[in-house]
Amino acid sequence: MCKDASLKIRIEQALEQPLRKRLPRLEALRYIPIYQKEASHNEALLQFSMLDFNLLQSLHKKELSQISNGPCTFMCLNRWWKNLDLENRLPYVRGRLVEGYFWILAVYFEHQYLDARIFLMKTCNLAIILDDTYDNYGTYEELEMFTQAVQRWSTNCIDTLPEYMKFIYQELLDVYKEAEEVLEPKGKAYHIYHTIEMVKECTRNLLT
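Fair warning: this is a prediction, and the values are worked out from it, not measured in the lab.

Enquirer: Give me the lowdown on the side chain of Glu38, citing residues and values where you can.
Expert: With respect to the helices and strands, the residue Glu38 is situated in the loop between α2 (24-37) and α3 (43-68). Those residues in contact with Glu38 that lie beyond four places of it in its chain are Ser6, Arg10 and Tyr31.

Enquirer: Kindly report on the packing of aromatic side chains, identifying the contributing residues and their values.
Expert: A full pass over the atoms with the stated rule returns nine aromatic pairs. By way of ring pairs, the aromatic residues Tyr92, Tyr137 and Tyr164 are connected into one cluster.

Enquirer: Give me the lowdown on the layout of surface pockets, citing residues and values where you can.
Expert: In this model, the largest pocket occupies a volume close to 830 Å³. Lining of the largest pocket is provided by 30 residues; of these, Ala116, Phe119, Leu120, Leu183 and Thr195 occupy positions nearest its centre. The biggest single contributor to the lining of the largest pocket is helix α7 (residues 114-137), with eleven residues. Here the lining of the largest pocket is composed, by residue class, of 21 nonpolar, four polar and five charged. The calculated volume of the second largest pocket comes to roughly 350 Å³. When contributions to the lining of the second largest pocket are tallied by element, the ones reaching two or more residues are α2, α3 and α6 (97-105). When residues of the lining of the second largest pocket are assigned to their parent elements, the largest contribution, five residues, is made by α3. Its residues assigned to classes, the lining of the second largest pocket comprises nine nonpolar, two polar and two charged.

Enquirer: Now, about the UniProt feature "domain: Terpene synthase metal-binding" (unreviewed entry) in the chain: what can you tell me, with residues and values included?
Expert: The feature "domain: Terpene synthase metal-binding" (unreviewed entry), as annotated in UniProt, sits at residues 82-207 in this numbering. In residues 82-207, the share of helix is 72% and the share of strand is 0%. The end C-alpha atoms are 28 Å apart.

Enquirer: Residues and numbers for α6, please.
Expert: Quick reminder: α-helices carry 3.6 residues per turn. Residues three or four places apart thus point the same way. When we look at burial in α6, the residues that qualify are Leu97, Gly100, Tyr101, Ile104 and Leu105. One face of α6 carries all of its buried residues, which in axial projection span an arc of 140°.

Enquirer: Can you explain the nonpolar core? Please cite residues and give values.
Expert: Counting 46 residues, the largest nonpolar core has Leu90, Phe146, Ile168, Tyr169, Leu172 and Tyr176 as its most contacted members. Of all the secondary-structure elements, those providing two or more residues to this core are α3, α4 (77-84), α6, α7, α8 (140-152), α9 (163-183) and α10 (191-207). Non-local contacts of Ile168, meaning those with residues more than four positions away in its chain, are made with Leu90, Tyr92, Ile129, Leu130, Thr133 and Phe146.

Enquirer: Can you break down the pattern of salt bridges residue by residue, with the values?
Expert: Taken as a whole and judged by the stated rule, the model has twelve salt bridges. Note that Lys122 and Glu178 form a salt bridge whose closest N and O atoms lie 2.9 Å from each other. In this pair, Lys122 is assigned in helix α7 and Glu178 in helix α9, connecting sequence segments 56 residues apart. The exposure class assigned to Lys122 is buried, which follows from its relative accessible area of 5%. Note that Glu163 is salt-bridged to Lys166, the shortest N-O span being 3.4 Å. Of this pair, Glu163 and Lys166 both sit in helix α9, separated by three residues, roughly a single helical turn. Using a relative accessible area of 61% as the deciding quantity, one classes Glu163 as exposed. Residues joined by salt bridges that share partners form a network here, namely Arg22, Glu27 and Arg30.

Enquirer: Explain α8 to me, using residue names and the numbers behind them.
Expert: End to end, α8 covers 19 Å across 13 residues, agreeing with the expected 18 Å (1.5 Å per residue, within 8%). Buried residues in α8 make contact with α7, α9 and α10. Backbone geometry just after α8 places Trp153 at a positive phi near 50°.

The rules behind each value
- Each chain carries its own residue numbering, running from 1 in the written order of its sequence.
- Where totals are concerned, whole chains, interfaces and linings use all residues; where local detail is concerned, this predicted model gives features only for residues with pLDDT of at least 70, and gives and counts side-chain atom pairs only at 80 or more.
- With hydrogens and water excluded, all non-hydrogen atoms of the structure serve as input to the side-chain values.
- Numbered from the N terminus, helices here are DSSP runs of H or I no shorter than four residues, and strands are runs of E no shorter than two.
- Here a residue-residue contact requires only that any non-hydrogen atoms of the pair lie within 4.5 Å.
- Pairing of aromatic side chains here covers Phe, Tyr and the six-membered ring of Trp, requires ring centres within 6.5 Å, and sorts the geometry by plane angle: under 30 degrees stacked, over 60 edge-to-face, intermediate tilted.
- Note on definitions: the grid is 1 Å and covers protein atoms alone; a cavity is a set of points where a 1.4 Å probe fits but cannot get out; a pocket is an open set with protein on both sides within 12 Å along at least five of seven lines; lining residues have an atom within 4 Å of a point.
- Grid points are joined across faces, edges and corners, and a volume is the space filled by probe spheres set on the points.
- Each residue is assigned to one class: nonpolar for Ala, Val, Leu, Ile, Met, Phe, Trp, Tyr, Cys and Pro, charged for Asp, Glu, Lys and Arg, and polar for all the others, Gly among them.
- UniProt positions are given in the numbering used here, feature names are shortened, and annotations may be inferred rather than shown by experiment.
- Only protein chains enter the area calculation, which uses a 1.4 Å probe; residues under 20% of their type maximum are buried, those over 50% are exposed, and those in between are partly exposed.
- An arc is given here, and it is the one of the directions from the helix axis to the C-beta atoms.
- What is meant by a nonpolar core is a set of buried Ala, Val, Leu, Ile, Met, Phe, Trp, Tyr and Cys residues, joined one to another through side-chain atoms within 4.5 Å.
- Take a side-chain nitrogen of Lys or Arg and a carboxyl oxygen of Asp or Glu: if they are within 4 Å of each other, that pair is a salt bridge.
- An expected span of 1.5 Å times one less than the residue number is assigned to each helix.

Set out below in structure tokens:
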């Protein structure tokens, strides 16, 4: 029988879900009270951990508020979303802005990854637009044309697409161009090539 209550809890949790499959911020929230009860805990480390968690949580709440209904302060993401005007342009698309933010926090939760969160928020919602277009709206012939246009990745392809698809295609090009401009001063513009290749593969798979 395990005499150490905190060790018992950690063993049970590890058996339920391995550490590598847990979300870091949720794991920190779960681990802090366990560490607090350990006789050997470092009080300064504990206080810094709690402060770090609370400050970052406060930042996430602020960003989420700005995304969902706040002013255009979260790198104008809220304005970008409203300008898409999906209710009128693409009424068949699900609105999952808040859900997308939580997905992204699972990967890029630290303060310094603001740019990554912005880019992933946009690409996540573009992925939803593509998914709903392929699954629920476009005809096979339209989707085939759109897939071919994405493989070429050029503004020259826009005129070959149906009207509603022109908007989607242009938004794809614009978001990745914007990301490239953000990354270029950091010497990381080459990353965009790989993400564009993933979009191309995604549309091929959606068509299949």
